[in-house]
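Single-letter residue listing:
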Amino acid sequence: MVHEENLKPGNVPSKQTIVLRTKLLPQDVVGVLEKKKTSFFGSTLRRPKPDEVTVESPQLYFEQFIFVLGHYDIDFNRDTSYVIKVDPDVTEVTIGNEKFPILNKSGVWKKFGKKMKEGVGISKQDLEIKVSENVVKSMTDSIYLDNNGLETAFHYSTSSDSVENYVQKVLDINKDHIRTNNLSDDDVFLKLAHKLKDSLKHDLKINHEEYLITEFREIFVPIYETKCYDNKNKVVVARVDAITGKLV
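What you see is a predicted model, and the numbers here were worked out from it, not measured in a lab.

## Focus on the overall build of the chain
From N to C terminus, the chain includes 4 helices and 9 strands. For the chain, the succession of helices and strands along the chain, N to C, is β-α-β-β-β-β-α-β-α-β-α-β-β. Counting the 248 residues in the chain, one finds 36% classified as buried. Put simply, 80% of the contacts in the chain that link residues at least 6 apart link residues at least 24 apart.

Pasting the structure below:
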């Protein structure tokens with residue numbers, strides 16, 4: 001059987017912490033929202049006027065993404081069968097000390113003579129041999145998890161000119177506005193283990209397996225967040241990417 005819950009990595013590198021550099025100032029974000037704020041309310045046929053919508057001062061948050069890259073090796077046995085063609089007059093095949101009867105087209109095990117086979121126009125017939133295979137596989141994969149612990153895509157650059165030089169200082173200054181998931185490291189590694197082993201069947205006899213984490217990062221992405229109000233006191237929370245200036 002395949003038991004991901006018991007699979008723990010044999011090697012885990014130190015977690016690297018990265019903070020992406022904020023490129024927009026609060027006034028830049030207000031400018032973005034002033035152009036978009038009426039679209040948050042009403043419909044395409046009836047939107048409020050710009051002076052009917054109020055935008056609060058945006059607050060900067062740092063939202064965590066987790067990246068983990070891992071490698072998995074497994075040696076296992078699995079039961080399967082091979083179907084081969086044999087001559088129409090064959091009724092049984094012996095391999096070693098085991099005898100294998102012939103399987104006809106209806107799926108019923110029977111022995112047919114040569115004349116009966118020729119009479120229905122069959123030139124070959126099937127022999128099914130049930131075997132146990134020994135298989136060795138190696139797999140490498142990765143995942144990104146967002147601050148809710150859900151698998152997600154990640155489109156940001158982490159090159160040297162895109163990240164903060166003083167990571168801990170930035171996090172300390174913004175310590176009350178950091179959003180992280182509630183997953184433990186083991187939970188993260190288990191999610192990757194599920195992904196790596198997803199292609200495997202569950203009725204396996206595992207002889208040996210090895211799971212290694214080769215890269216482990218947490219990346220903090222700056223996001224501005226604010227509230228917008230219309231003249232009917234309807235509230236919309238607006239989020240702006242502090243790197244690209246796009247609404248998220």
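## Side note on the pattern of salt bridges
Per the counting criterion, the structure on display carries 12 salt bridges. Linked by salt bridges that have partners in common, Glu63, Arg179, Glu225 and Arg239 make up one network.

## Re the packing of aromatic side chains
In total, this model carries 5 aromatic pairs according to the counting rule given. Where Phe65 meets Phe154, the ring centres are 5.3 Å apart and the plane angle is 70°; that geometry is what we call edge-to-face. Separated by 89 residues along the polypeptide, Phe65 in strand S3 (residues 59–86) and Phe154 in the loop between strand S6 (125–145) and helix H3 (167–173) bring together distant segments of the chain. Overall, the relative accessible area of 13% leaves Phe65 in the buried class. The buried category is assigned to Phe154, whose relative accessible area is 13%. Its guanidinium or amino end placed over the ring of Tyr61, Arg179 lies 3.9 Å from that ring's centre, counting from NZ or CZ.

## Here we look at the environment of Thr54
By the element assignment, Thr54 lies in strand S2 (residues 54–55). C-alpha of Thr54 to C-alpha of Cys228: the two residues are 174 residues apart in sequence and 5.5 Å apart in space. Excluding its chain neighbours within four sequence positions, the residues that come into contact with Thr54 are Lys227, Cys228 and Tyr229.

## Some points on the side chain of Glu218
Mapped onto the secondary structure, Glu218 falls in strand S8 (residues 205–229). Buried within the structure, Glu218 lacks any salt-bridge partner; its nearest side chain of opposite charge belongs to Lys15, at an N-O separation of 4.2 Å. In terms of polar contacts, Glu218 uses its side chain to reach the side chain of Gln64, at 2.8 Å. Look past the residues within four positions of Glu218 in its chain and what remains in contact with it is Lys15, Gln16, Thr17, Ile18, Gln64, Phe65 and Ile66.

Reading the values: the criteria
Residues numbered from 1 in each chain as written. Predicted model: local features only at pLDDT ≥ 70, side-chain atom pairs only at ≥ 80, totals over all residues. Heavy atoms only, no water. Helix = DSSP H or I, 4+ residues; strand = E, 2+ residues; numbered from the N terminus. Buried < 20%, exposed > 50% of the residue type's maximum accessible area, 1.4 Å probe, protein only. Contact = heavy atoms within 4.5 Å. Salt bridge = Lys/Arg side-chain N within 4 Å of Asp/Glu carboxyl O. Phe/Tyr/Trp six-rings, centres within 6.5 Å; stacked < 30°, edge-to-face > 60°. Lys NZ or Arg CZ within 6 Å of the ring centre and 35° of its normal. Lys, Arg positive; Asp, Glu negative; His and termini not counted. Polar contact = N/O pair within 3.5 Å; in protein donor to acceptor, adjacent residues only side chain to side chain.

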